[in-house]
Amino acid sequence: MERLGELPTPAAVVDLDRLEANLDRMAARARRWGVALRPHVKTHKCVEIARLQAERGARGITVSTLAEARAFAEAGFVDLTWAFPVVLDRIAEAAALAERATLRLVVDSDAAVAALEASGARFHVWLKVDCGYHRAGVDPDGPEAERIARRIAGSATLVFDGLLTHSGHAYHAASRRELERVAAEERDVMAGLAERLRRAGIEVGGVSIGSTPALAGGAPDGPLEGITEVRPGNYAYYDHTQVLLGAASAADCAFTVIAAIVSSRPAAGRSVANAGALVLSQDGGPEWAPRPTMGEIFESYAEGRLAAGLRVLSISQEHAVLSEALPVGERVRILPNHSCLAAANFDEVWVARGDRVVDRWRIHRER
């Protein structure tokens, strides 16, 4: 096998030691919390990593797209939550997949429930709840939450799995205290709504929550009362955003991109690497980040130390402008702002232990 220094660039690299440590840590947290772990595979889109998660006790997986669901079903994963409001023009495809796997869908409208019932297919259904992110989901304090839940629970063809939410607003938390507040709000909203529905005579079997920062940085050590499962995804890799949020350290980050300097302008104090938007994505990180960056660069990956002054200043489609004039041909190891988006730009990842490449894993990024 190759060494990292021999890989063609740009190269997506997963550090297997760090990956396994991250998976072990979250699996242990889920056991302490007394909840099932249903990891979101959109971060890695990689069957081999999902198998590592299953070996550590994960109960089913979460996917973002039907293409992901099909790819993982074909690999033997038969309990899948498609954690995206159901796309009405894809219901026939979902029904076909539901014939060979348990496919759990997400709804937040009467229209979606009506379309699922009209298909005649038997689906497991989660009711999506807005726990404060305000992107999608029913208002937990409004009448539609009980109305739609009752309709699903009483359906002849649908199975009501319970309530599901995502605390995406945790990514905007500018302090550890704010992160803990968001995590507590998510739990309280979901447990409170579940109890209200039960008092109204609606059986709520599951209460599913999850975002990596809320769970890795804001959740308590003890049990998550009223919650039955968690769905973090980014925890497998982490990234610079998670470092800024305090959910991880740079030494925890398992996904990096190795790029090469292709142009250098010492007079301007700049250089260019082959790691543009189609490698790192255009995610600029949190709006409150201490300095603008499109990606940080490791001074020492082995020691988990980021360079103090060197970073990616700007990107275009294929170019990354760096903040220092490095020699042409030098290689840099970049920590993306958002590992989920960066990984989705590659067809495969190189898997390494230390400097030694031990495998290549496919990324299922088809749509």
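Residues numbered from 1 in each chain as written. Predicted model: local features only at pLDDT ≥ 70, side-chain atom pairs only at ≥ 80, totals over all residues. Heavy atoms only, no water.

Student: Got a minute to help me understand the pairing of strand 12 (residues 296–300) in this structure?
Tutor: Burial analysis of strand 12 places four of its five residues in the buried class, which makes it a mostly covered element. Across three bridges, the pairing between strand 12 and strand 13 (residues 305–315) is antiparallel. Bridge pairing links serine 300 to arginine 305 in strand 13. Connecting strand 12 to the antiparallel partner strand 13 that follows it, the hairpin turn spans four residues, and glycine 304 within it adopts a positive phi of roughly 65°. Two elements, strand 12 and strand 15 (residues 331–335), share two bridges in a ladder whose sense is antiparallel. Each bridged residue has a counterpart across the sheet, and for glutamate 296 the counterpart in strand 15 is leucine 335. (Buried < 20%, exposed > 50% of the residue type's maximum accessible area, 1.4 Å probe, protein only. Helix = DSSP H or I, 4+ residues; strand = E, 2+ residues; numbered from the N terminus. Pairing = 2+ DSSP bridges.)

Student: Just checking my understanding: could you explain the side chain of aspartate 161 for this structure?
Tutor: The residue aspartate 161 is located in strand 7 (residues 158–164) in this model. Given a relative accessible area of 10%, aspartate 161 falls into the buried group. A polar atom in the side chain of aspartate 161 sits 2.8 Å from the side chain of arginine 104. When sequence neighbours within four positions are dropped, the list of residues in contact with aspartate 161 reads Arg104, His124, Val125, Trp126, Gly205 and Gly206. (Polar contact = N/O pair within 3.5 Å; in protein donor to acceptor, adjacent residues only side chain to side chain. Contact = heavy atoms within 4.5 Å.)

Student: Honestly, helix 3 (residues 66–74) in this entry has me stumped. Any pointers?
Tutor: Because each turn of an α-helix spans 3.6 residues, side chains separated by three or four positions end up pointing in the same direction. The element helix 3 is extensively covered by neighbouring structure, given that seven of its nine residues are classed as buried. Within the sequence span of helix 3, burial applies to Leu66, Ala67, Glu68, Ala69, Ala71, Phe72 and Ala73. Along its buried surface, helix 3 packs onto helix 2 (47–55), strand 3 (61–63), strand 4 (79–85), helix 4 (91–98) and strand 5 (102–107). In the stretch just after helix 3, glycine 76 is the one whose phi turns positive, near 105°.

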